[in-house]
Amino acid sequence: SASIWNRWSELTQVVRTGKNTEIPTGVFEEEELRAFIFAMHVIGRQMAGAIAAHVKAEGSRALLDVGGATGTYAEAFLRHYPDMHATVFDRPPVIAMARERLAASEVRDRITLAEGDYNTDALPGSHDLVLLSAIIHQNSPEQNRALYRKCLDALVPGGRILIRDQV
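Note on numbering: residues in each chain are counted from 1, in written sequence order. Thresholds applied to this predicted model are a pLDDT of at least 70 for local features of residues and 80 or more for the giving and counting of side-chain atom pairs; totals over whole chains, interfaces and linings are not thresholded and use all residues. Values reported for side chains reflect all heavy atoms of the structure, with hydrogen atoms and water molecules removed beforehand.

Caption draft 1: Spatial organisation of the overall build of the chain. Counting from the N terminus, the helices are the DSSP runs of H or I reaching at least four residues and the strands are the DSSP runs of E reaching at least two. The helix and strand tally for the chain stands at seven helices and five strands. Going from the N terminus to the C terminus, the chain shows its helices and strands as α-α-α-α-β-α-β-α-β-β-α-β. Here the globule rule is a power law, 2.2 Å times the number of residues to the power 0.38, and the radius of gyration is based on C-alpha atoms. Against the globule reference of 15 Å for 167 residues, the chain gives a C-alpha radius of gyration of 16 Å, in line with a compact fold. In terms of principal-axis extent, the alpha carbons of the chain reach across some 50 × 35 × 25 Å. Two residues form a contact once any of their heavy atoms are found within 4.5 Å. Of the contacts made within the chain by residues no fewer than 6 positions apart, 72% connect residues no fewer than 24 positions apart. Each charge class in the chain was averaged separately, 18 positive and 21 negative side chains, and the resulting centres sit 4 Å apart. As used throughout, the charge tally considers Lys and Arg to be positive and Asp and Glu to be negative, leaving His and the chain termini uncounted. Think of each charge as sitting on NZ of Lys, CZ of Arg, CG of Asp or CD of Glu.

What follows is the structure in structure tokens.
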């Protein structure tokens, strides 16, 4: 929280000057990144199961969780839909955290962990459901349009995109 607080405390200066801060969005020191990612897990695990049930994804077999961090949502979806498999796609240091957190999960054998950056890399394909949870709010409209195109490319015909975010 302290790291995020320090970043937000520069908002007034950014608005006044029109210049970004020196620290790019999404760039954390290793310890800060771990704290942030696991904080997102704590927040997500409280709602992920209800969201998975609400989506009514009984017909979906392959979930792609883009920027899926430690796989909180993927895990909840797999618990709710026993015929589903999931791919969690995130940056390498975050996937290492997912590997650690999911090691004892009863659904681990149905989760593929894929390293990459959704801003620069293609997304893994052949999915019928793509989840974008809490990532689009940090992107520009142009970045989101590019991300949506990548999601479309990752979907099989008839697939769908699920967006969970605060906009």
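From this point, things continue past the structure.
Caption draft 2: Layout of the pairing of strand 2 (residues 85–90). The buried count for strand 2 comes to five of six residues, which makes it a mostly enclosed element. Strand pairing requires that DSSP identify at least two bridges connecting the strands. By the bridge criterion, five bridges tie strand 1 (residues 62–66) to strand 2 in an arrangement that is parallel. Paired with Leu63 across the bridge in strand 2 is Ala86. By the criterion used throughout, a crossover qualifies as right-handed when its path from the first strand across the helix to the second strand runs clockwise, the strands pointing away from the viewer. Regarding topology, helix 5 (residues 72–80) serves as the crossover connection from strand 1 to the parallel strand 2, and that connection is right-handed. As judged from the five bridges shared by strand 2 and strand 3 (residues 111–115), these two strands associate in the parallel manner. Its bridge partner being in strand 3, Phe89 is matched across the sheet by Ala114. Between the parallel elements strand 2 and strand 3, the chain passes through helix 6 (residues 92–102) in a crossover that is right-handed. Only protein chains enter the area calculation, which uses a 1.4 Å probe; residues under 20% of their type maximum are buried, those over 50% are exposed, and those in between are partly exposed.

Caption draft 3: Geometry of the environment of Leu102. Along the chain, Leu102 falls in helix 6. Exposure remark for Leu102: the relative accessible area of 0% places this residue in the buried category. C-alpha separation for the pair Leu102 and Glu75, spaced 27 residues apart in sequence, amounts to 8.4 Å. Every residue in contact with Leu102, bar those within four places of it in the chain, is listed here: Thr70, Gly71, Glu75, Arg108, Ile111 and Leu113.

Caption draft 4: Spatial organisation of the packing of helix 3 (residues 30–45) against helix 6. Their axes nearest at 11 Å, the elements helix 3 and helix 6 cross at an angle of 50°. In terms of orientation, helix 3 lies oblique with respect to helix 6. Taken as a pair, helix 3 and helix 6 cross one another with a handedness that is right-handed. For the pair helix 3 and helix 6, contact is made by Leu33, Arg34, Ile37, Phe38 and His41 and by Pro93, Val94, Met97, Glu100 and Arg101, respectively. Helix axes are fitted only over the stretch in contact, all axes being lines through C-alpha atoms; the angle between N-to-C directions runs from 0 to 180 degrees. Any angle that falls under 35 degrees is termed roughly parallel, while one over 145 is termed roughly antiparallel, one within 65 to 115 roughly perpendicular, and all others oblique. Helix crossings fall into two classes, left-handed where the near helix is turned counterclockwise from the far one by less than a right angle and right-handed where it is turned clockwise.

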